[in-house]
Amino acid sequence: MTPPSTRPRIPRLSRNALTVLRGRYLAKNAAGAIVETPAQLFRRVARDIAQAERAYPARARHTGLAGRFYDLMATLEFLPNSPTLMNAGRALQQLSACFVLPVDDSLESIFDAVKYQAVIHQSGGGTGFSFSRLRPHADRVATTSGIASGPVSFMQVFNTATDVIKQGGTRRGANMGILRVDHPDVLDFIALKQQPGAMTNFNLSVGLTDAFMRALERRRTYALVNPHTGKPVRRLPATLVFDRLVQAAWKSGEPGVVFLDTINRANPTPQLGAIEATNPCGEQPLLAYESCTLGSINVTRFLTRQRNRHTIDYDRLADIIPLSVRFLDNVLDRTQFPLPAIAEHTLRTRKIGLGIMGFADLLIHLGIPYDTDKALRIADRLMGFIETHAHSASAALAKERGVFPSYRNSRLQRTHTPRRNATVTTIAPTGTISIIADCSAGIEPLYGISVARTVMEDIRLESLHPEFLRQARARQLPLAFLRRELGRSESIQHLSRIPRDLRRLFVTAHDIDPAHHVRMQAVFQRHSDSGVSKTINLPSNARPADVARAFVLAHELGCKGLTVFRSGSRDHQVLACTHVQSC
């Protein structure tokens, strides 16, 4: 275990980070006044998570952890998911971000799921559902001699319920809705979000199977199966369904896709059942009633300078990975889960997800453009290193505390060293915590150099990339010109007054070939026990064929899912380029 840090213990936060913390995270009194500083927030969380040590025998406890956990967060080297920052050490004490709830083919199950969804959203979590078990529209309901309304109709109920539940008073609820590609209502599901304002509280993904992808490759038909009877009802050309899916994703960014067979080949506990759904952002496949706690290492904090060049300090990174894994395992013990079933199912697998943020910034400091083979090699080495050390840390915890209860007969029992956690690594989107850490989000490339981000529904944060600004000043570039031009486009490749090498280094999401986006995701997927949250951002002039190729390549390379987004395809975007007044 790494010794206590001697570095400064006062967090140094950007203006945008302070705005987010004040709006969402810092404790408030009954009148709504902020009664907590950022340092006090990190101390509150650190002390609470360290208390989990008391549940274990003295020989398995580590002392001084509150201070170490505080340093981990206050230096912005690691941050846990938002519910942990919001709720640890407070009355709610619900610390998990990701939940999956079952929806079976009965009114009782459907409306139980709506009720449980509301409870989870109120506590600060997001929910994922598979609606694939529901009988299709117009199917006969024997008990009432009526006609089934189908999954798409019932999804509207879930969407409306989300509208009236605000998460912990701080953020609107988020959902993932998944329907298998062989469900008879799949075409209606694909078209569900093509009208503006439809299903605004849901991300949608079609669950693609290997059988469907083979039928697509061979240009054959495939069977649609009624989940109530298990019998085929008709056949459709795979190319027809895929083309509809591609057109919808090109037009509006949805649905995305999840590859169900790929997910279940990596399911660590197949004896507990098949995985049918993921969390709202898609990176966490979970069994019914499972939840997961996430945290991300800010890799930009692990750069060191040697011979006038930046390199990754792998020794220091190795020191904090076990501390981060222990933190996340402790979170499981400190969480007051919103339902007894969630507590039971979560604690039998003890899934955690350690990932990274700041990857694009790391590459910039290393002098490596994102869309290069060298960037892929850096990603492979970096995440492979984190995976190896995180698995070792979970194995060490297993020796201290025991393996996860469902370890027996799990895939891990057959193929791995005993571990404390069924999953250990995940690549989360880190949308908000990356603002607190003042780094690029997750493994995404830069969206633009001058960016406006909408957070908490109505707060607009503007930023000009600090390293670009530093290099522009060092080269005495015309800042007045930059102020006018940088916010007019996602790309800077057309700005000839910026030196070519600087334009090449600061490549943005829309400059990058879709295939490279997918290859980058696939590299990280090789070292993620769960999944990878990444958006394949496309320029406004991208074609449907670009989307089709990305979906097919993602399946070929072993990704567990994929989301695409073409710039300008929605009226409201979380990220957009902007004109920053002050450089």
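Quick caveat: nothing in here was measured; it's all calculated off a predicted structure.

**As for the environment of R305**
Then, number 1: Relative to the assigned elements, R305 resides in strand β16 (residues 303-306).
Then, number 2: When the C-alpha atoms of R305 and L366 are compared, they prove to be 9.9 Å apart, with 61 residues separating the residues in sequence.
Then, number 3: Polar side-chain contacts of R305 include one of 3.4 Å to the backbone oxygen of N308.

**Description of the pairing of strand β12 (residues 256-259)**
Then, number 1: Burial along β12 is two-sided: G256 and V258 and V257 and F259, pointing in opposite directions, are all buried.
Then, number 2: Relative to β12, strand β9 (residues 202-208) runs parallel, the two sharing four bridges. Its bridge partner lying in β12, V206 is registered against V257.
Then, number 3: Of the pairings in the sheet, the one linking β12 to strand β22 (residues 561-566) comprises two bridges and is antiparallel in character. From the neighbouring strand, V257 faces β22, where its bridge partner is L562.

**A few points about helix α14 (residues 373-401)**
Then, number 1: Between its first and last C-alpha atoms α14 spans 41 Å; for 29 residues at 1.5 Å apiece the expected length is 42 Å, and the two agree.
Then, number 2: Downstream of α14 by one or two residues, G402 has phi in the positive range, about 100°.

**Some words on the packing of helix α2 (residues 38-50) against helix α11 (residues 314-334)**
Then, number 1: Interhelical geometry of α2 versus α11 gives an angle of 75° and a closest axis separation of 8 Å. When the axis of α2 is compared with that of α11, the two are roughly perpendicular. Facing α2, whose interface residues are V45, D48, I49 and A50, α11 presents F327, N330, V331 and R334.
Then, number 2: For the contact of α2 with α11, the per-class residue count stands at five nonpolar, one polar and two charged.

**Topic: the pattern of salt bridges**
If the charged atoms of two oppositely charged side chains come close together, the side chains can form a pair.
Then, number 1: For the coordinates displayed, the defined rule picks out 28 salt bridges.
Then, number 2: Between K115 and D112 there is a salt bridge whose closest N-O contact spans 4.0 Å. With K115 and D112 both in helix α5 (residues 107-122) and three residues apart, the pair spans about one turn of that helix.
Then, number 3: K115 sits in the partly exposed class, given a relative accessible area of 48%.
Then, number 4: Among the residues examined, D112 registers a relative accessible area of 25% and is labelled partly exposed.

**Regarding the packing of helix α9 (residues 238-252) against helix α21 (residues 544-556)**
Then, number 1: For the pair α9 and α21, the least separation of the axes is 9 Å and the interaxial angle reads 115°. Considering the angle they form, α9 stands roughly perpendicular to α21. Relative to α21, the crossing made by α9 is right-handed. Touching F242, L245, V246, Q247, A249 and W250 of α9 are P544, V547, A548, F551 and V552, all from α21.
Then, number 2: When its residues are assigned to classes, the contact of α9 with α21 shows ten nonpolar, one polar and no charged.

**A closer look at helix α20 (residues 514-525)**
Then, number 1: For α20, with twelve residues, the first-to-last C-alpha span of 17 Å sits near the 16 Å given by 1.5 Å per residue.
Then, number 2: Most of α20 sits inside the fold, with eleven of its twelve residues counted as buried.
Then, number 3: For α20, the elements touching its buried residues are β18 (352-357), α13 (359-366), α14, β21 (535-538), α21 and β22.
Then, number 4: N-cap assignment for α20: the residue whose side-chain oxygen lies 2.9 Å from the backbone N of A515 is D513.

Here is what the cut-offs are and how they apply
- Residues numbered from 1 in each chain as written.
- Predicted model: local features only at pLDDT ≥ 70, side-chain atom pairs only at ≥ 80, totals over all residues.
- Heavy atoms only, no water.
- Helix = DSSP H or I, 4+ residues; strand = E, 2+ residues; numbered from the N terminus.
- Polar contact = N/O pair within 3.5 Å; in protein donor to acceptor, adjacent residues only side chain to side chain.
- Buried < 20%, exposed > 50% of the residue type's maximum accessible area, 1.4 Å probe, protein only.
- Pairing = 2+ DSSP bridges.
- Expected span 1.5 Å × (residues − 1).
- Axes fitted to C-alpha atoms, helices over the stretch in contact; angles between N-to-C directions.
- Parallel < 35°, antiparallel > 145°, perpendicular 65-115°, else oblique.
- Contact = heavy atoms within 4.5 Å.
- Nonpolar A, V, L, I, M, F, W, Y, C, P; charged D, E, K, R; others polar.
- Salt bridge = Lys/Arg side-chain N within 4 Å of Asp/Glu carboxyl O.
- Left-handed = near helix turned anticlockwise from the far one by under 90°.

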